[in-house]
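# Notes for the structure review
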Amino acid sequence: MAPVSNRSLVCFITSLVVLFAGDAVYAQSTGAPILLERAPLRSATNVDTGFAKVTLTIAGHNRVFYLHRPAPLPPAPMPLVLVFHGGAGNGAQIAKMTGMDRAANLHGFAAAYPETDQHWQDGRETTGLGAADIDFVRAIIDWSIKTQGIDRSRIFATGISNGGIFTLRLACEMSREIAGFAAVAGSMGSMLAPRCRPQRAVPLMLIHGDKDEWVRWQGGAVKQLAGGGAGGDVIPVPQTLDFWRGINHCAAKAPTIEKINRDSRDGTRVEIHRYGNCEKPTELVLIKGGGHTWPGADNGNSRLLRRLVGRTSQDINATETILAFFENSGRYIR
């Protein structure tokens, strides 16, 4: 089979982008001016049509995220799940991949999909540890609490790839503001690991495939395709897990392991490693044979996708697995 050309890759990525349309309205805020643009999604499987595009002006720069509120709205303050896309991705792509809107309607929480132009400042030497993205996340949280009825104690973060690596940075720097974290296909950036000083223990889940060729299980250089991507280094996944076991004061004992193989045709098996006697829940979801993917995503049968990023496990649904983990942390869905 011939190698994938840059043109083919661009066409493939472009095919994942969901178009937006809608009428703009303005909302008043106690902080920076906000442009709220109602933007229903078109033709996006597993994504509801209730998207709102929100633009926050932070230090003179406009930053965008998309917000989905559940239908019907719950009567009490609701949780918020922040979902971070991978490098060069966008909110529509990660919403479609995860099916988080549908889950939000089922469970009664709001989902926010922040966007960045290229790469989140996730703690690799190539993306850095600047303040801009952290300030953006804090602004999203503040705005959501003030205007959307969000429960301050039930805000959670997840993401994939660059978004997963960034989620781990948030665990280091926003442990007081965010109640739980789940990183998919992401390990800690090489610059971040020695500087990570969370203020408290946090519920933390890692979901990672041992055949991930982009953010490798054994760490090291993050793969770049045809010179694209941020590159840089991450530490090994087991080292990231051990770091957070230490932060969460887990007992030095073997985890309980749940083995799952619901789909014998997908070429993967799942092991959920749960570490007991921790101050906060700490879990590793090991996807044996899994690639750089979101388990349970319905695009796993695409041959081109499999060729680019490896196998997508259908043994679990990562979205529901993450939400169950957040719920079990004790401060999620009532």
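Refer to the structure above for everything that follows.
Below: a short report on this structure. Since we're looking at a predicted model, the values are computed, not measured.

Parameters and conventions
Residues numbered from 1 in each chain as written. Predicted model: local features only at pLDDT ≥ 70, side-chain atom pairs only at ≥ 80, totals over all residues. Heavy atoms only, no water. Helix = DSSP H or I, 4+ residues; strand = E, 2+ residues; numbered from the N terminus. Buried < 20%, exposed > 50% of the residue type's maximum accessible area, 1.4 Å probe, protein only. Contact = heavy atoms within 4.5 Å. Areas by Shrake-Rupley, 256 points an atom, 1.4 Å probe, with all protein chains shown as cover. Disulfide = S-S within 2.5 Å. 1 Å grid on protein atoms, 1.4 Å probe; cavity = no way out; pocket = protein on both sides within 12 Å on 5 of 7 lines; lining within 4 Å. Points joined across faces, edges and corners; volume = space filled by probe spheres on them. Nonpolar A, V, L, I, M, F, W, Y, C, P; charged D, E, K, R; others polar. Core = buried A, V, L, I, M, F, W, Y, C linked by side-chain atoms within 4.5 Å. Phe/Tyr/Trp six-rings, centres within 6.5 Å; stacked < 30°, edge-to-face > 60°. Arc of directions from axis to C-beta.

### Let's talk about the overall build of the protein chain
From N to C terminus, the protein chain includes eight helices and 14 strands. Out of the 334 residues in the protein chain, the part that is buried amounts to 53%. In the protein chain, once contacts between residues fewer than 6 apart in sequence are set aside, the share between residues at least 24 apart is 63%. Carbon and sulfur atoms make up 51% of the accessible area of the protein chain, which totals about 14600 Å².

### Points about the state of the cysteines
Counted under the stated rule, the structure contains two disulfides. The disulfide that involves C172 links it to C196, with 2.1 Å between the sulfurs. Taking the sign of the torsion about the S-S bond as the criterion, the disulfide between C172 and C196, at about -105°, is left-handed. Of this pair, C172 sits in helix α5 (residues 162–173) while C196 sits in the loop between β8 (180–184) and β9 (204–209), and the two are 24 residues apart along the sequence. C196 shares its class with C172; the two are buried. Take the cysteines of the protein chain that form disulfides and number them in order along the sequence; they join up as 1-2, 3-4.

### Re empty space enclosed by the protein
Under the defined criterion, the tally for this structure stands at one cavity of 30 Å³ or more. Looking at the largest cavity, its volume works out to about 40 Å³. Every residue lining the largest cavity is listed: V184, A185, I207, H208, G209, I287, G290, G291, T293 and P295. At three residues, the largest contribution of residues to the lining of the largest cavity is made by β9. Considering only residue class, the lining of the largest cavity consists of five nonpolar, five polar and no charged.

### Here we look at the nonpolar core
Counting 47 residues, the largest nonpolar core has F65, L82, V137, L170, I178, M188 and W244 as the members making the most contacts within it. Tallying contributions element by element places helix α4 (residues 132–148) first for this core, with seven residues. Those residues within four positions of W244 in sequence are excluded, and the remaining contacts are L168, A171, C172, M188, C196, P198, V202 and L204. Membership of the second largest hydrophobic core comes to 34 residues, among which are F156, I316, A318 and F326.

### Some points on the packing of aromatic side chains
In total, this model carries seven aromatic pairs according to the counting rule given. Aromatic side chains F243 and W244 sit 5.2 Å apart centroid to centroid with 80° between the ring planes, which places their arrangement in the edge-to-face category. What makes F243 partly exposed here is its relative accessible area of 23%. For W244, a relative accessible area of 0% gives the class buried. Considering the side-chain rings of F325 and F326, the 6.2 Å spacing of their centres and the 50° angle between planes classify their relative orientation as tilted. Each member of the pair, F325 together with F326, is buried. Ring-pair connections join several aromatic residues into one group, and the members of that group are F84, W120 and F166.

### Considerations on helix α3 (residues 100–107)
Listed as buried for α3 are M100, D101, A103 and A104. Looking down the long axis of α3, one finds its buried residues gathered within 160° of arc, a one-sided arrangement. In the segment just after α3, G108 is the residue with positive phi, at about 80°.

### Here's the deal with the environment of L67
Tracing the chain through its elements places L67 in strand β4 (residues 61–68). Once the C-alpha coordinates of L67 and Q148 are considered, the two residues, 81 residues apart in sequence, prove to be 9.9 Å apart.

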